[in-house]
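An overview of the molecular structure
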Amino acid sequence: MESSHFVDVEELVMHFPVTAGVFRRKVADVKAVDNISFFINKGETLGLVGESGCGKTTTGLCVLQLNEVTSGSVLFKGENLVGMKGPALRKMRRHMQLIFQDPFASLDPRMTAGDIIGEPLLVHDIARGKEYKQQVTELLNMVELQPYMADRYPHEFSGGQRQRIGIARALAAKPAFIVCDEPVSALDVSIQAQIITLLMKLREELDLTYLFIAHDLSVVRNISDRVAVMYLGKIVEITSSEELYANPLHPYTISLLSAVPIPDPVVDRTRERIILTGDVPSPVNPPSGCNFHPRCYQATDRCKVELPELKHLGGEHWGACHLI
């Protein structure tokens, strides 16, 4: 199996079984990720956006093989990771890392910052002794923290500093690909800008490739080259960042963009707001036809019975809607 893309996800499915009764019999599936495909080129950032519970984080974990996928393939540098186990997967894991969403829960409170950052160096047998300490110092400098902070514990840092420690840990094994799982959603707005600027700087300096997961379209605007919009386990639109913000085509994308604040109060007051009614349907029992039709302001009878395919709309633009 070959691919010209750095990361190539094909027909990825991740269903979690729902069990009930004394014998824990399977009664249903949570369709967290339901047959999605996308690719990421080397040096590129793909933003993955959608509401909470739509399957974004599960997709990232599946790409890294932290979830054992139900079906589909994940090609990383031409090698299929699905089904790979043991030493082979461990060898590949060095080149793929994860920045966690919560900088408070993702750091071991019993370890110092230096030990947290240096752990991948020991696990992958990259450095020991004097070289180990030197590399930990370099990593702290890389994320704009002072070397003396290596002896501090996580509770002694602010949220933004903790996330910098998480980024340094992800960089320790010198990866080529990083999944950023909502790395700024738990931070103040001013700190969010600092972390995004840092990630963009590191991407340029270290030639990194990102899958950047977020629930806010305004967060991914500057950092992403392309953006994929996800709803209830499916990708509904994917295109370049510029095209998405200038010409959104899927009703769900249009409604998400209408909720993004505009810094000009005059423009913000006069623009059309699209308020979605109802809640996101359950991934255990998704609606028939298009998943979005119960909340869509443009839905037709066809949308209720026929599932739209993700089709090419010209250029880099793809969309899954009967009305496009």
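Counting restarts for each chain, with residues numbered from 1 along the sequence as it is written. Per-residue local features are limited, in this predicted model, to residues with pLDDT of at least 70; the limit for side-chain atom pairs, both in listing and counting, is 80 or more; totals at the level of whole chains, interfaces and linings are taken over all residues. The side-chain quantities take in all heavy atoms of the structure and omit both hydrogens and water.

1. A look at the packing of aromatic side chains
Convention followed: Any pair of Phe, Tyr and Trp rings, taking the six-membered ring for Trp, is counted once the centres come within 6.5 Å. Such a pair is stacked with planes under 30 degrees apart, edge-to-face with planes over 60 apart, and tilted for the rest. A run of H or I in DSSP counts as a helix once it spans at least four residues, and a run of E counts as a strand once it spans at least two, with each numbered from the N terminus.
Under the definition given, this model contains 5 aromatic pairs. When the centroid spacing of 6.1 Å and the interplanar angle of 40° are considered together, the rings of Phe-76 and Phe-177 count as tilted. Residue Phe-76 is found in strand 4 (residues 71-76), and its partner Phe-177 is found in strand 7 (residues 177-181); the two are separated by 101 residues along the sequence. With centroids separated by 5.1 Å and ring planes inclined at 80°, the aromatic side chains of Tyr-231 and Phe-292 adopt a geometry described as edge-to-face.

2. Describing the sheet that holds strand 7
As a reminder of what qualifies: The pairing criterion for strands is at least two bridges between them, as found by DSSP. For this analysis, residues touch if any pair of their heavy atoms sits within 4.5 Å. Angles here are taken between N-to-C directions and fall from 0 to 180 degrees, while the axes themselves are lines fitted to C-alpha atoms, restricted in helices to the stretch in contact.
An order of 6-7-8-3-9-10-12-11 is seen for the 8 strands of this open sheet, with the pairing classed as mixed. Bordering the open sheet on either side are strand 6 (96-99) and strand 11 (311-312), each of which pairs with just one other strand. Here helix 1 (residues 56-63) sits on the sheet in contact with strand 3 (45-49), strand 6, strand 7, strand 8 (209-214) and strand 9 (226-231), set at roughly 155° to strand 8. Packing of helix 6 (residues 189-206) onto the sheet brings it into contact with strand 3, strand 6 and strand 8, and relative to strand 8 it is tilted by some 160°.

3. Some remarks on unusual backbone geometry
Of note in the backbone geometry, Glu-182 takes a positive phi value of approximately 45° without being a glycine. On the secondary structure map, Glu-182 appears in the loop between strand 7 and helix 6.

4. Examining the sheet that holds strand 2 (residues 25-40)
An order of 2-1-4-5 is seen for the 4 strands of this open sheet, with the pairing classed as antiparallel. The sheet is open, and its two edges are formed by strand 2 and strand 5 (79-80), each paired on a single side. Across 5 bridges, the pairing between strand 1 (residues 7-20) and strand 4 is antiparallel. Counted as the bridge partner of Val-9 is Val-74 from strand 4.

5. A look at the layout of surface pockets
So the rule is basically this: Cavity: a set of points on a 1 Å grid over the protein atoms alone where a 1.4 Å probe fits but cannot get out. Pocket: an open set with protein on both sides within 12 Å along at least five of seven lines, its lining residues, like those of a cavity, having an atom within 4 Å of a point. Grid points are joined across faces, edges and corners, and a volume is the space filled by probe spheres set on the points.
Its volume calculated, the largest pocket comes out at about 560 Å³. Contributing to the lining of the largest pocket are 26 residues, with Asn-35, Ile-36, Ser-37, Ile-235 and Leu-310 lying nearest its centre. Mapped by element, the contributors of at least two residues to the lining of the largest pocket are strand 1, strand 2, strand 9 and strand 10 (234-240). Of the residues forming the lining of the largest pocket, the biggest block, 6 residues, is contributed by strand 2.

6. Description of the environment of Leu-208
Short version of the rule: Burial classes follow relative accessibility: with a 1.4 Å probe on protein chains only, a residue under 20% of its type's maximum area counts as buried, one over 50% as exposed, and anything between as partly exposed.
Summarising the element assignment, Leu-208 is placed in the loop between helix 6 and strand 8. Residue class for Leu-208 comes out buried when judged on its relative accessible area of 1%. Non-local contacts of Leu-208, meaning those with residues more than four positions away in its chain, are made with Gly-43, Glu-44, Leu-171, Pro-175, Ala-176, Ile-178, Leu-202 and Arg-203.

7. So, helix 1
Every α-helix carries 3.6 residues per turn, so stepping three or four residues along brings you back to the same face. Within helix 1, 6 of the 8 residues are buried, leaving the element largely enclosed by the surrounding structure. For helix 1, every residue scored as buried is listed here: Lys-56, Thr-58, Thr-59, Gly-60, Cys-62 and Val-63. Within two residues after helix 1, Gln-65 carries a phi angle of roughly 60°, on the positive side.

8. A closer look at the side chain of Gln-135
Its location among the elements puts Gln-135 in helix 4 (residues 129-142). Residue classification places Gln-135 among the buried residues on the basis of a relative accessible area of 12%. Ignoring any residue separated from it by four or fewer positions in sequence, one finds Gln-135 in contact with Leu-121, Ile-126, Ala-127 and Lys-174.

9. Thoughts on the packing of helix 5 (residues 159-171) against helix 6
Helix-helix packing is characterised by the crossing angle of the two axes and by the distance between the axes. Here is the rule we go by: Any angle that falls under 35 degrees is termed roughly parallel, while one over 145 is termed roughly antiparallel, one within 65 to 115 roughly perpendicular, and all others oblique. Each helix crossing is assigned a hand: it is left-handed if the near helix lies turned anticlockwise from the far helix by less than a right angle, otherwise right-handed if that turn is clockwise. For this scheme, ten residues count as nonpolar: Ala, Val, Leu, Ile, Met, Phe, Trp, Tyr, Cys and Pro. Four count as charged, namely Asp, Glu, Lys and Arg, and the remainder, Gly too, count as polar.
As a packed pair, helix 5 and helix 6 sit with axes 10 Å apart at the nearest point and diverge in direction by 20°. As the angle between them shows, helix 5 and helix 6 are arranged roughly parallel. The interaxial crossing formed by helix 5 with helix 6 has right-handed handedness. Each of Gly-160, Gln-163, Arg-164, Ile-167 and Leu-171 in helix 5 lies in contact with helix 6, whose residues at this interface are Ile-191, Gln-194, Ile-195, Leu-198, Leu-199, Leu-202 and Leu-206. Looking at the contact of helix 5 with helix 6 residue by residue, the class counts come to 8 nonpolar, 3 polar and 1 charged.

10. Section: empty space enclosed by the protein
Tallied over the entire structure, the rule returns 2 cavities of 30 Å³ or more. The calculated volume of the largest cavity comes to roughly 70 Å³. Taken together, His-250, Pro-251, Cys-290, Phe-292, His-293, Cys-296, Cys-303, Pro-308, Cys-321, His-322 and Leu-323 form the lining of the largest cavity. Of the residues contributing to the lining of the largest cavity, the split by class is 8 nonpolar, 3 polar and no charged. Of the voids in this model, the second largest cavity is the one considered here, and its volume is about 40 Å³. Together, Lys-31, Asp-34, Leu-232, Pro-283, Pro-286 and Asn-291 line the second largest cavity. Taken together, the residues of the lining of the second largest cavity break down into 3 nonpolar, 1 polar and 2 charged.

Function cannot be inferred from these measures alone, as they are strictly geometric.
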